[in-house]
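What follows is each chain in one-letter form.
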Amino acid sequence: MEEKAFNAAVGQLIREIRTRSGLTQELLGRRAGLSRGSITNIEGGTQAPPLYRLVRIAAVLNVQPADLLPSLLPEEATGLPARHVADVASVWSGAEKLEDAHGQS
C-alpha cells in the first residue's frame, strides 16, 4: 500500500468512527487539540496525523489507536517510508499487548 493510500485509509476510518460516534469535525478537533481544518485534511487523506495526535483522536473516539489503522500485511509495509513502517509496527504491537492484558483476542 502506498503512503497516500494508507493516509486515505486512516482518514476514512477516523471519519467512519467519528460519524458513528455522532461527533462533528469541530468537536473532534477541539477535544483532540486540532483544528476542524486539520480533521478535514486528516479525514481526506491529505494530512497524516502525528502519532501523539492519532492517540488523542482515538481516545476522543473511545477506540484503540490500532482501530484507526488499516490492516497492513508485512509485505505491504515495504512501500511505506521506514518511519511509517516502524510507527505502524509500534501501534500494532501496543494494541496486541493491550488485548493480551485484557484477555481479548
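So, how was this worked out
Numbering of residues starts from 1 in every chain and runs along the sequence as written. Where totals are concerned, whole chains, interfaces and linings use all residues; where local detail is concerned, this predicted model gives features only for residues with pLDDT of at least 70, and gives and counts side-chain atom pairs only at 80 or more. Processing note: side-chain calculations cover all non-hydrogen atoms of the structure and skip hydrogens and water entirely. The way it works is that DSSP assigns letters per residue, a run of H or I at least four long becomes a helix, a run of E at least two long becomes a strand, and they are numbered from the N terminus. Angles here are taken between N-to-C directions and fall from 0 to 180 degrees, while the axes themselves are lines fitted to C-alpha atoms, restricted in helices to the stretch in contact. The cut-offs work like this: below 35 degrees is roughly parallel, past 145 is roughly antiparallel, 65 to 115 is roughly perpendicular, and the gaps in between are oblique. For any pair of crossing helices, the crossing counts as left-handed if the nearer helix is rotated counterclockwise from the farther one by less than a right angle, and right-handed if it is rotated clockwise. In this analysis, two residues are considered to be in contact whenever any of their non-hydrogen atoms come within 4.5 Å of each other. Each residue is assigned to one of three groups, with Ala, Val, Leu, Ile, Met, Phe, Trp, Tyr, Cys and Pro labelled nonpolar, Asp, Glu, Lys and Arg labelled charged, and all others, Gly among them, labelled polar.

A.B. asks: A description of the environment of Ala 5 should follow, citing residues and the corresponding values.
C.D. replies: Looking at the secondary structure, you find Ala 5 in helix α1 (residues 3-21). The sequence separation of Ala 5 and Thr 46 amounts to 41 residues, and the corresponding C-alpha distance is 10.0 Å.

A.B. asks: Describe the packing of α1 against helix α4 (residues 51-61), naming the residues involved and giving the relevant values.
C.D. replies: Two numbers describe how α1 lies on α4: the axes approach to 10 Å, and their chain directions differ by 25°. With respect to α4, the element α1 is oriented roughly parallel. As for the relative orientation of α1 and α4, their crossing is left-handed in sense. Along the contact surface, α1 presents Val 10, Ile 14, Ile 17, Arg 18 and Ser 21, while α4 presents Leu 54, Ile 57 and Leu 61. For the contact of α1 with α4, the per-class residue count stands at six nonpolar, one polar and one charged.

A.B. asks: Which residues make up the environment of Leu 68, and what values do they have?
C.D. replies: Within the secondary structure, Leu 68 is located in the loop between α4 and α5 (82-101). The spacing of Leu 68 and Ile 17 is 51 residues in sequence and 8.5 Å in space, taken between C-alpha atoms. Once residues within four sequence positions are removed from consideration, Leu 68 is found in contact with Val 10, Leu 13, Ile 14, Ile 17, Leu 54, Ile 57, Ala 58, Leu 61 and Val 63.

A.B. asks: Lay out the environment of Glu 3 with the relevant residues and their values.
C.D. replies: Looking at the secondary structure, you find Glu 3 in helix α1. In the structure, Glu 3 is positioned 81 residues away from His 84 in sequence and 8.5 Å away in space, judged by C-alpha atoms.

These figures capture arrangement, not role.
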